[in-house]
Amino acid sequence: MGRVRLGFSPIIPTIASFLLAALWGLSVFAGWGLEAFCAGGEAPSDCSRRLGAVSTVSGLFAVLAACCTAGAWLVPRARRDLGVFTWVMGAAVAAWVVAVGVLFVGGLLAK
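1. Some points on the packing of aromatic side chains
At step 1: Counted under the stated rule, the structure contains four aromatic pairs.
At step 2: Judged by centre distance (5.8 Å) and plane angle (85 degrees), the ring pair of Trp 24 and Phe 29 falls under edge-to-face.
At step 3: By relative accessible area, Phe 29 is classed as exposed at 67%.
At step 4: Here the aromatic rings of Trp 24 and Trp 96 are separated by 6.2 Å at their centres, their planes lie at 55 degrees, and the arrangement is tilted.

2. Some remarks on helix H1 (residues 11-29)
At step 1: Spanning 19 residues, H1 covers 26 Å between terminal C-alpha atoms, matching the ideal 27 Å at 1.5 Å per step.
At step 2: Taken together, the buried positions of H1 are occupied by Pro 13, Thr 14, Ser 17, Leu 20, Trp 24, Gly 25 and Ser 27. Down the axis of H1, the buried side of the element spans an arc of 165 degrees, and every buried residue falls inside it. Those residues of H1 that are exposed and angled more than 90 degrees off the buried face are Phe 18 and Leu 19.
At step 3: Along its buried surface, H1 packs onto helix H2 (32-37), helix H3 (44-74) and helix H5 (82-110).
At step 4: Looking one or two residues past H1, Gly 31 carries a phi angle of roughly 90 degrees, positive in sign.

Procedures and definitions
- Sequence order as written defines residue numbering, which begins from 1 separately in each chain.
- Owing to the predicted nature of the model, reporting of local features is limited to residues with pLDDT of at least 70; listing and counting of side-chain atom pairs is limited to 80 or more, with chain, interface and lining totals taken over all residues.
- Side-chain measures here rest on the full set of heavy atoms in the structure, leaving out hydrogens and waters.
- For Phe, Tyr and Trp, rings pair up if their centres lie within 6.5 Å, where Trp contributes its six-membered ring, and each pair is then called stacked (planes under 30 degrees apart), edge-to-face (over 60) or tilted (otherwise).
- Each residue gets one of three labels from its accessible area relative to the maximum for its type: buried under 20%, exposed over 50%, partly exposed in between, using a 1.4 Å probe on protein chains only.
- Secondary structure counts use DSSP, requiring at least four H or I residues in a row for a helix and at least two E residues in a row for a strand, with both numbered from the N terminus.
- Here the expected span of a helix is defined as 1.5 Å times the quantity of residues minus one.
- Arc definition: it is the arc formed by the directions from the helix axis to the C-beta atoms.
- We call two residues in contact whenever any of their non-hydrogen atoms come within 4.5 Å of each other.

This is the structure in structure tokens:
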């Protein structure tokens, strides 16, 4: 059996990972999440508290994603073997998508 090559540069999932990390970070730390989900008519402190709990759960996936991204570039085996690199970066991008998704769905529920 032959090896399947994906045919794209390893920098593409890395950039996707950094963009999703930026979206997550701005939503959690720069107030984008509060502005998006807590700008309604209810007390901002209640919504902010619920969104903080959601951010904590989302943060678990964000830490996993950041570790996978760093591991893909820093672990020598991942740098040498394209298959391992692709698998680890795929896991990183998937974890970032889950982190942002948890933040979004949790934000909608916190409203």
